[in-house]
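# Structural overview for review
Read off the chains here:
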Amino acid sequence: MDQNRPRDIDYAANAVRSALEDKFGRKVSLKDLQVAAQERTISIVDGPHCIEGTRDELLAAIRKADSYSNVWRLISSTIGS
């Protein structure tokens, strides 16, 4: 397998980043947002917030959230920190 080819988890991380930017990017600054693909999960870091979860868990929390700060509460209550 080509080592430079993106993995499925890399595409999933991009989907999570895009979902955050699409839903909240006009309302809050996401300049410190870091989304990274791990081996089987995706980590999201923004200032004091740091969480890791699957694509499905993260996208579900983003869809449910009515504010950016609420995303972190939903993720934490769903999958822990």
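So, a few notes on the structure that sits alongside this text. (Residues numbered from 1 in each chain as written. Predicted model: local features only at pLDDT ≥ 70, side-chain atom pairs only at ≥ 80, totals over all residues. Heavy atoms only, no water.)

## Side note on helix α2 (residues 55-64)
The set of residues buried in α2 consists of L58, L59, A61 and I62. For α2, the arc enclosing every buried residue in end-on projection is 160°, short of the 170-degree limit, so these residues lie on one face. Exposed and oriented more than 90 degrees from the buried face of α2 are R63 and K64. Residues of α2 that are buried sit in contact with α1 (8-24), β2 (42-46), β3 (49-53) and α3 (68-79). (Buried < 20%, exposed > 50% of the residue type's maximum accessible area, 1.4 Å probe, protein only. Helix = DSSP H or I, 4+ residues; strand = E, 2+ residues; numbered from the N terminus. Arc of directions from axis to C-beta. Contact = heavy atoms within 4.5 Å.)

## A few points about the pattern of salt bridges
Under the defined criterion, the tally for this structure stands at four salt bridges. In this structure, the salt-bridge partner of R7 is D10, at a minimum N-O distance of 3.3 Å. Note that K31 is salt-bridged to D32, the shortest N-O span being 3.8 Å. Classification of K31 as exposed rests on a relative accessible area of 69%. Given a relative accessible area of 43%, D32 falls into the partly exposed group. (Salt bridge = Lys/Arg side-chain N within 4 Å of Asp/Glu carboxyl O.)

## Section: the packing of aromatic side chains
Under the criterion given, the structure shown has two aromatic pairs. Centroid distance Y68 to W72: 6.0 Å. Interplanar angle 90°. Geometry classified as edge-to-face. Remark: W72 and Y68 occur in helix α3; sequence separation between them is four residues, near one turn of the helix. W72 matches Y68 in its accessibility class, with the two residues each being buried. Linked through ring pairs, F24, Y68 and W72 together constitute an aromatic cluster. (Phe/Tyr/Trp six-rings, centres within 6.5 Å; stacked < 30°, edge-to-face > 60°.)

Keep in mind that these numbers describe shape and distance, not what the molecule does.
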